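So the chains spell out like this:
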Amino acid sequence: MFPFSYTRVSDTDEALDAGRRGGRYIAGGTTLVDLMRETVERPESLVDISGLPLREVRATEGGGLRIGALVRMAEAAAHPKVRTLYPVISESLELSASAQLRNMATIGGNIMQRTRCTYFRDVTADCNKREPGSGCAALEGHNRTHAILGTSDACVATHPSDVAVAFAALEATVHLLGPDGERRVPFADFLLRPGNTPHREQALRKGELVTAVEVPALPRPLKSGYLKVRDRQSYEFALTSAAVALHIRGGVIREAKVASGGVGTVPWKLPAVERHLVGERPSAALWTAAAEKAADGARPLKHNRFKTELLKRTVERQLRVVGGTK
Ligand code: SF4
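Residues numbered from 1 in each chain as written. Predicted model: local features only at pLDDT ≥ 70, side-chain atom pairs only at ≥ 80, totals over all residues. Heavy atoms only, no water.

If you look the protein up in an unreviewed UniProt entry, it shows as Oxidoreductase, molybdopterin-binding subunit from Streptomyces himastatinicus ATCC 53653.

This is the structure in structure tokens:
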């Protein structure tokens, strides 16, 4: 380890003041402490925000749901409102990590967790995300688990979060608080694709803090769920995943929200799939035809060509499960 300072704050003013001075926020610490042990991250100053009052799940006036940034993954997954209104969120959380980690890790930390690319965590390897300009060892290296969508010549790492895929599908909004006040960022704009700057991962300004994620109200009835495909049944990251929410009324799909994980450099929204579904009647043929569009624009690497077909099949299967047609 290396020397660093540690401050525990009890209100947001204190937190923002410390953040403005360059402090690094920490709450559950389940990602950051690991990275510090491996010296991938070397913050000089940690600001422990786990005592801030951001641990509430509540319905919004518009009928949506606001999940505080410090709500633990396990708490969010078990919350009656989350379970009832958005099963896709509960399922994505329950399929993440271990029970011990879900009891510690927070919703804010989860959506900001860093990639599991092994080269990123190996400080002897070239990695533009860890050390800008050094290269990307994954491009010519072992890239079976890497992204096929949203990649650049600088980085092909996937975003590892499951619940972020559910938030992307549902078109959530991220609430931020910073030195210049509050602002809200659509989830689609919060996590950044790598481009030429893979070390920039979120649309956060200096000193800003995630305070909540808000899921909008969606028409009812809404059926939703999350499917995760991985090498082993637990404690593993997604090779592919699908978050699906469907509003079906009068036998016709009126709204469709679909996103995938494990395949994109950010949680990958699938608007072409959604458009194919809306206005149609559920059927096995419809699910297959819609899922065909899931991998549009994919750029597979040497070892992950299988993900293109796996992604389509994952989306098709979850459409079938949520849509209820065999
Ligand atoms: Fe680093 Fe991204 Fe390349 Fe992995 S894929 S080595 S995180 S630049």
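Asks: Got a sec to walk through the sheet that holds strand β11 (residues 252-261)? Specific residues and values, please.
Replies: One open sheet accounts for four strands, arranged β9-β10-β11-β12; its pairing is antiparallel. Two strands in the sheet have a free side with no partner beyond their single neighbour: β9 (223-229) and β12 (268-269). As judged from the seven bridges shared by β9 and strand β10 (residues 240-249), these two strands associate in the antiparallel manner. Bridging from a neighbouring strand, Val 229 pairs with Thr 240 of β10. Most of the contacts of helix α5 (residues 87-94) go to β9, to which it runs at about 20°, and overall it touches β9 and β10. (Pairing = 2+ DSSP bridges. Helix = DSSP H or I, 4+ residues; strand = E, 2+ residues; numbered from the N terminus. Contact = heavy atoms within 4.5 Å. Axes fitted to C-alpha atoms, helices over the stretch in contact; angles between N-to-C directions.)

Asks: I'd like a description of the pairing of strand β6 (residues 173-178), backed by residues and values.
Replies: Taking burial as the measure, the six residues of β6 include five buried ones, the bulk of the element. Where β6 and strand β7 (residues 181-186) come together, six bridges link them in antiparallel fashion. Looking across to β7, one finds that Thr 173 is bridged to Pro 186. Note: β6 against strand β8 (residues 209-215), five bridges, orientation antiparallel. Residue Thr 173 lies in a different strand from β8, and its bridge partner there is Glu 214. (Buried < 20%, exposed > 50% of the residue type's maximum accessible area, 1.4 Å probe, protein only.)

Asks: Would you mind going over the UniProt feature "domain: FAD-binding PCMH-type" (unreviewed entry) in the protein in detail, with residue names and values included?
Replies: UniProt records the feature "domain: FAD-binding PCMH-type" (unreviewed entry) for residues 1-220 in the present numbering. For residues 1-220, the end-to-end C-alpha separation is 51 Å, with 28% helix and 17% strand making up the annotated structure. (UniProt positions renumbered as here; feature names shortened; annotations may be inferred.)

Asks: Account for the sheet that holds strand β1 (residues 5-8), naming residues and giving values.
Replies: In space, the three strands of this open sheet follow the order β1-β3-β2, with parallel pairing throughout. Each end of this open sheet is capped by a strand with a single partner; those strands are β1 and β2 (24-26). Taken pair by pair, the neighbouring strands of this sheet meet at an average axis angle of 30°, ignoring direction.

Asks: Give a description of helix α12 (residues 284-291) that names residues and reports values.
Replies: Those residues of α12 lying buried are Leu 286, Trp 287, Ala 290 and Ala 291. Angularly, the buried residues of α12 cover 120° about the axis, an arc narrow enough to put them on a single face. In this fold, the buried residues of α12 make contact with β10, β11, α11 (271-277) and α13 (306-323). (Arc of directions from axis to C-beta.)

Asks: Could you give me a rundown of a nonpolar patch on the surface, with the residues and numbers involved?
Replies: A contiguous nonpolar surface patch, about 350 Å² in accessible area, is contributed by Met 1, Phe 4 and Tyr 6. Here Phe 4 is to be found in the segment before β1. What makes Phe 4 partly exposed here is its relative accessible area of 34%. (Patch = residues over 30% accessible without salt bridge, like charges linked within 9 Å, V, L, I, M, F, W, Y side chains within 5 Å. Areas by Shrake-Rupley, 256 points an atom, 1.4 Å probe, with all protein chains shown as cover. Salt bridge = Lys/Arg side-chain N within 4 Å of Asp/Glu carboxyl O.)

Asks: An account of the side chain of Lys 257 is needed here, citing residue identities and associated values.
Replies: Examined against the element boundaries, Lys 257 turns out to sit in strand β11. Owing to a relative accessible area of 11%, Lys 257 belongs among the buried residues under this scheme. Within the structure, Lys 257 has its side chain in polar contact with the side chain of Glu 255 (distance 3.3 Å). Aside from chain neighbours lying at most four places away, what touches Lys 257 is Ala 169, Glu 171, Leu 218, Ala 243, Val 244, Ala 245, Lys 269 and Glu 274. (Polar contact = N/O pair within 3.5 Å; in protein donor to acceptor, adjacent residues only side chain to side chain.)

Asks: Describe unusual backbone geometry, naming the residues involved and giving the relevant values.
Replies: Geometrically, the link from Arg 220 to Pro 221 is a cis peptide bond, its omega value of 0° lying close to zero. One can find Pro 221 in the loop between β8 and β9. A positive phi angle, near 50°, is found at Ala 97, a position not held by glycine. Mapping Ala 97 onto the fold places it in the loop between α5 and α6 (99-104). Using a relative accessible area of 30% as the deciding quantity, one classes Ala 97 as partly exposed.

Asks: Quick one: what's the story with the pairing of strand β5 (residues 65-68), residue by residue and with numbers?
Replies: Sheet topology note: the strand β4 (residues 57-59)/β5 ladder contains three bridges and is antiparallel. Within β5, the residue paired with Ala 59 across the bridge is Leu 65. Adjacent in sequence and paired antiparallel, β4 and β5 are bridged by five residues, among which Gly 63 carries a positive phi angle near 95°. Summarising the sheet, β5 and β8 pair through four bridges and their orientation is antiparallel. Looking across to β8, one finds that Ile 67 is bridged to Val 213.

Asks: Tell me about the nonpolar core, residues and numbers included.
Replies: One finds Ile 89, Phe 167, Leu 277 and Val 315 to be the most contacted residues of the largest nonpolar core, which totals 64 residues. Of the residues forming this core, the biggest block, eight residues, is contributed by helix α9 (residues 163-170). In contact with Leu 277, other than residues within four places in its own chain, are Leu 246, Ile 253, Ala 256, Val 258, Leu 286, Trp 287, Ala 290 and Leu 319. (Core = buried A, V, L, I, M, F, W, Y, C linked by side-chain atoms within 4.5 Å.)

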